[in-house]
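# Overview (structure and organization)
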Amino acid sequence: MVTRVATVAFEGIEARAVDVQVQIAAGIVAFNVVGLADKAVAESRERVRSALIASGLALPAKRITVNLAPADLPKEGSHYDLPIALAVMGAIGALPADALAGYCVLGELALDGTITPVAGVLPAAMAANERGLGLICPAACGPEAAWAAGDMDVLAPRSLIQLANHFKGSQVMARPQPAIAAAGGPLPDLRDIKGQEGAKRALEIAAAGGHNLLMNGPPGAGKSMLAARLPSILPALSPRELLEVSMIQSVAGQIKGGALSNRRPFRQPHHSASMAALVGGGLNARPGEISLAHGGVLFLDELPEFVPQVLDSLRQPMETGEVMIARANHRVTYPARFQLVAAMNPCRCGQALEPGYACRRGPNERCMAQYGARISGPLLDRIDLRIEVGAVTAADLILPPPAEGSREAATRVAAARERQTARYAERDLGSAMTNATCPATVIEEVAAPDAEGTTLIRNAAETMRLSARGFHRTLRVARTLADLDGEATVRRLHLAEALSYRARASKPAAT
Ligand SMILES: Nc1ncnc2c1ncn2[C@@H]1O[C@H](COP(=O)(O)OP(=O)(O)OP(=O)(O)O)[C@@H](O)[C@H]1O
Ligand SMILES: [Mg+2]
């Protein structure tokens, strides 16, 4: 007889149905796992054997065969321990035969029979719910699974014995409750930054419309400091976004204690990051930093120090909002709709833009061109807001802290985002849409400028030689500026400010 237990295999953030089949037959004593299993899965028989023994169950002296079907789908990870153990327990009669029929199962086993946390519980729970099944997962992941649906049957046992007792009816487990991670202390506040009003304004615009931002300035001007304060003005995740973002974190094994976080992701990989670390992939396909930043911010400090090839690998995901990783044995797609915020010095000496400073490897222009050449033109073209962050003067530093902090800016940002959400929901474009991500055809319509504005952008497109992308991106920023002002039409003044963020940055490159 064959005992079956449902589990899943992950392809990107999709959980595909996998059937664990166990047969116990007469023959040479053996315990084999077949079905395109990787090393962690093959090793699971040792953990299963020990965990069953520790739970007081001896394996029969027979031939045990475990098949993971479909056999052509690669199986990775350690979450097959629990379904295999439960199928074996079903086969030897340690669990009632029909107990497992309505469940999808995943979890890792320790040698003493306790069930340890695994990655991917949230997508597995969503997939199980769609198939009309309940879920059995590790206790630590229970709160995560409970997010999938309010009425879904979720069992989160600590050990094999606890689960067996539940099915016998001697110790019935309660359904875990969905949890939100407690906010980890206050975020750094914009009020800490003296002066830099222009940069703060740009940061606010970037937050309001989800625009990409590049800050260029001398060392110690406060660029890293500004970027670190972006999370404090970003709007909280909507419930739909929360699930979407958490699915990726779940697959990456980044959800601690089963509690989801409603803070927008803010990822800041070091500039030594490899291509696989940034875009995803590697030996076992894992989401990269750009996918972990989905719905939030990817902050690249010291942009020109990144490997140019790695930077250029961001170009395609920045346009499409997802990344497809193709390797010899797998092909997966991860969502990657992130907002890029980057900081850099104008040249290697760092001071080229300071009045009166002469670079050691002068002239200044050459020093800047050499350093800036590490960033490709097409990547720069994707950055809507490019600003210069000048050095702060001593006069600024001795001023009292500014009256406005993150709270005031966050209120304006939230209002601007609400206007965008309402506008794009009217056009059935989904709730997570921002001015930066909405399709070009729609932006032409919703950011159509008044007559004066049209003349301005027509002239500017010619004199600044805007690319088609540059043209649309200017409209996007102008739309955000109008949203911040609470205005329905984009006016000349919005366009002029939007154009200034492009012009300023193209200046050093042109000289
Ligand atoms: N506008 C400012 N107001 C208050 N303190 C500031 C300001 N700018 C810089 N500082 C101080 O200088 C320190 C360095 O700033 P930060 O690390 O942000 O500089 P940076 O522009 O990122 O420099 P680099 O280009 O070298 O990375 C801060 O920790 C802070 O103490
Ligand atoms: Mg810095």
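Residues numbered from 1 in each chain as written. Chains lettered and ligands numbered in written order. Predicted model: local features only at pLDDT ≥ 70, side-chain atom pairs only at ≥ 80, totals over all residues. Heavy atoms only, no water.

Rules: UniProt positions are given in the numbering used here, feature names are shortened, and annotations may be inferred rather than shown by experiment.
Per an unreviewed UniProt entry, the protein chain carries the name ATPase AAA and comes from Methylobacterium haplocladii. Taken verbatim from the UniProt record of the protein chain, the Sequence similarities (unreviewed entry) comment is "Belongs to the Mg-chelatase subunits D/I family. ComM subfamily."

## Notes on the side chain of aspartate 483
Inclusion rule: Secondary structure counts use DSSP, requiring at least four H or I residues in a row for a helix and at least two E residues in a row for a strand, with both numbered from the N terminus. Accessibility here uses a 1.4 Å probe with only protein chains present; expressed as a share of the type maximum, an area under 20% marks a residue as buried, one over 50% as exposed, and anything in between as partly exposed. By the criterion applied in these results, polar contacts are pairs of N or O atoms within 3.5 Å in which, for protein atoms, one can donate a hydrogen and the other can accept it, and in which residues neighboring in sequence qualify only through two side-chain atoms. Any two residues whose heavy atoms approach within 4.5 Å are treated as being in contact.
Within the secondary structure layout, aspartate 483 lies in helix H20 (residues 468–485). The exposure class of aspartate 483 is buried, given its relative accessible area of 1%. For aspartate 483, the side chain forms a polar contact with the side chain of arginine 423, separated by 2.8 Å. Dropping the residues within four chain positions of it, aspartate 483 is found in contact with Ala416, Arg419, Gln420, Arg423 and Asn435.

## Notes on the nonpolar core
Side chains of nonpolar character tend, in soluble globular proteins, to be buried together. Cut-off, in case you're wondering: Definition used in this section: a nonpolar core is a set of buried Ala, Val, Leu, Ile, Met, Phe, Trp, Tyr and Cys residues joined via side-chain atoms within 4.5 Å. Where each domain begins and ends follows an automated or database-derived domain assignment.
Formed by 50 residues in total, the largest nonpolar core has its most connected members in Leu213, Met215, Leu230, Val341 and Ile387. It is helix H7 (residues 197–209) that contributes the most residues to this core, 7 residues altogether. Split by domain, the residues of this core number at least three in each of domain 2 (190–405) and domain 3 (409–503). Beyond its immediate chain neighbours, meaning those up to four positions away, leucine 213 contacts Ala202, Leu203, Ala206, Leu340, Val341, Ala342, Ile383, Leu385 and Ile387. Judged by nonpolar contacts, the second largest core, of 39 residues, contains Leu214, Ile255, Ala285 and Leu311.

## Comments concerning the pattern of salt bridges
Rules: Any Lys or Arg side-chain nitrogen found within 4 Å of a carboxyl oxygen on Asp or Glu counts as a salt bridge.
Under the criterion given, the structure shown has 25 salt bridges. The salt bridge involving arginine 49 is made with glutamate 46; its shortest N-O contact spans 3.9 Å. Here arginine 49 and its partner glutamate 46 are both found in helix H2 (residues 44–54), 3 residues apart, which amounts to about one turn of the helix. Notably, a salt bridge pairs lysine 200 with glutamate 197, separated by 3.9 Å at the nearest N-O pair. Highlighted residues: lysine 200 and glutamate 197, both in helix H7, separated by 3 residues, approximately one helical turn. Each of Glu319, Asp381, Arg382, Asp384, Arg469, Arg473 and Arg502 takes part in a single network of salt bridges with overlapping partners.

## A few points about the confidence of the model for the protein chain
Reading fine detail from the predicted coordinates is not recommended where pLDDT is low. Heads up, the rule is: The predictor's confidence in any single residue is recorded as pLDDT, a number from 0 to 100.
Of all residues in the protein chain, 97% attain a pLDDT of 70 or more, and the chain-wide mean is 88. Scored below 50 in pLDDT, residues 505–511 shows 6 contacts in the model against residues more than four places distant or in partner chains.

## Looking at the packing of H7 against helix H17 (residues 406–426)
Our working rule: Angles here are taken between N-to-C directions and fall from 0 to 180 degrees, while the axes themselves are lines fitted to C-alpha atoms, restricted in helices to the stretch in contact. If you view the pair so one helix is near and one far, a crossing is left-handed when the near helix is turned anticlockwise from the far one by less than a right angle, and right-handed when it is turned clockwise. Polarity classes work like this: nonpolar for Ala, Val, Leu, Ile, Met, Phe, Trp, Tyr, Cys and Pro, charged for Asp, Glu, Lys and Arg, and polar for all others, with Gly in that last group.
Where H7 contacts H17, the axes come no closer than 8 Å and their chain directions differ by 35°. The hand of the H7/H17 crossing is right-handed. Residues Glu204, Ala207, Ala208 and Gly209 of H7 lie in contact with H17, whose contacting residues are Ala409, Arg412, Val413, Ala416, Arg417 and Gln420. Here the contact of H7 with H17 is built from residues that sort into 5 nonpolar, 2 polar and 3 charged.

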